[in-house]
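Chain and residue survey
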Amino acid sequence: QSPTVTISTDHAPQTIPRSLAWSPNGEKLAILTQDGTLQLWQRDGSLLATLKTDHTLDSMDDHLLWSPTSEQLAILSKDARPRPHQTQEEAAKEATVWLWSGQDTPIKTIHQAQIFSMRWSPDSEILALSDNSGGLTLWSGDDASLLKRFDKNFEIILDVSWSKDGQLLFTRGRSAVRSWTPAGE
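Residues numbered from 1 in each chain as written. Predicted model: local features only at pLDDT ≥ 70, side-chain atom pairs only at ≥ 80, totals over all residues. Heavy atoms only, no water.

1. Some details on the sheet that holds strand β3 (residues 37-42)
This is how it is decided: Between any two strands, at least two bridges found by DSSP are needed for them to pair. Under the DSSP-based scheme used, a helix requires at least four consecutive residues in state H or I and a strand at least two consecutive residues in state E, with every element numbered from the N terminus. Axis definition: a line fitted to C-alpha atoms, limited for helices to the stretch in contact. Angles are taken between N-to-C directions and run from 0 to 180 degrees.
Strand order across the open sheet formed by four strands is β1-β2-β3-β4, with antiparallel pairing between neighbours. Since the sheet does not close on itself, it has two edges, and those belong to β1 (17-22) and β4 (47-52), each with one partner. Across the sheet, the mean angle from the axis of one strand to that of its neighbour is 15°, orientation sign disregarded. Two strands pair when backbone bridges link them, and β1 and strand β2 (residues 28-33) are joined in this way by five bridges, in the antiparallel orientation. Directly across from Leu20, in β2, lies its bridge partner Ile31.

2. Brief notes about the pattern of salt bridges
Quick reminder of the rule: Whenever a carboxyl oxygen of Asp or Glu lies within 4 Å of a side-chain nitrogen of Lys or Arg, that contact is scored as a salt bridge. Residue burial is assigned from relative accessible area. The probe radius is 1.4 Å, only protein chains are included, and a residue is buried under 20% of its type maximum, exposed over 50%, and partly exposed in between.
Overall, the coordinates contain two salt bridges when judged by the stated rule. We note a salt bridge from Asp159 to Arg119, for which the minimum N-O separation is 3.1 Å. Placement of the pair is Asp159 in strand β13 (residues 159-162) and Arg119 in strand β9 (residues 115-120), with a sequence separation of 40 residues. Among the residues examined, Asp159 registers a relative accessible area of 27% and is labelled partly exposed. In this structure, Asp131 and Arg149 form a salt bridge, with 3.8 Å as the shortest nitrogen-oxygen distance. Highlighted residues: Asp131 in strand β10 (residues 126-131) and Arg149 in strand β12 (residues 146-150), separated in sequence by 18 residues. Looking at Asp131, the relative accessible area reads 2%, which means it is buried.

All quantities given are derived from atomic positions and should not be read as evidence of function.
See below:
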């Protein structure tokens with residue numbers, strides 16, 4: 001039987017854990033705290049890295065999604081604070097997505113919208129996001145750059161799924177399922 005390891009954050013309210021996720025290889029645990037800090041822990045309980053997002057988290061609806069290779073991490077947080085041109089109701093529907101691309105890279109803000117689905121390609125090269133605009137965006141897992149934007153689907157894309165070989169991307173709307181290639185065909 002393996003020993004139990006207790007990971008403790010300091011007891012200040014801003015360091016309360018909001019979300020956690022084990023990497024697919026079982027070697028790293030990501031913990032996202034209320035102050036926007038991402039802590040990466042090794043399986044033995046030793047701290048691997050501490051990284052910072054660009055703001056505190058105001059929602060309890062935060063998600064961490066490891067890439068299949070356990071090298072990158074997508075962070076989604078519903079953001080209840082309105083920007084200057086938004087009402088509180090509009091802001092409550094919006095989310096921010098950050099992408100951490102590996103050990104020595106900072107966390108980058110990559111998308112702000114009402115996010116419906118977020119999925120990694122099987123090879124961890126591409127993160128696909130669908131949002132309330134009906135669009136689908138593909139982001140590089142290596143450097144968090146925008147690879148492709150498919151504007152205006154026939155309807156809002158509610159879910160995204162990759163084929164096992166990563167050659168096809170399937171999207172589901174309210175009434176149809178469509179297939180795409182990452183090149184947009």
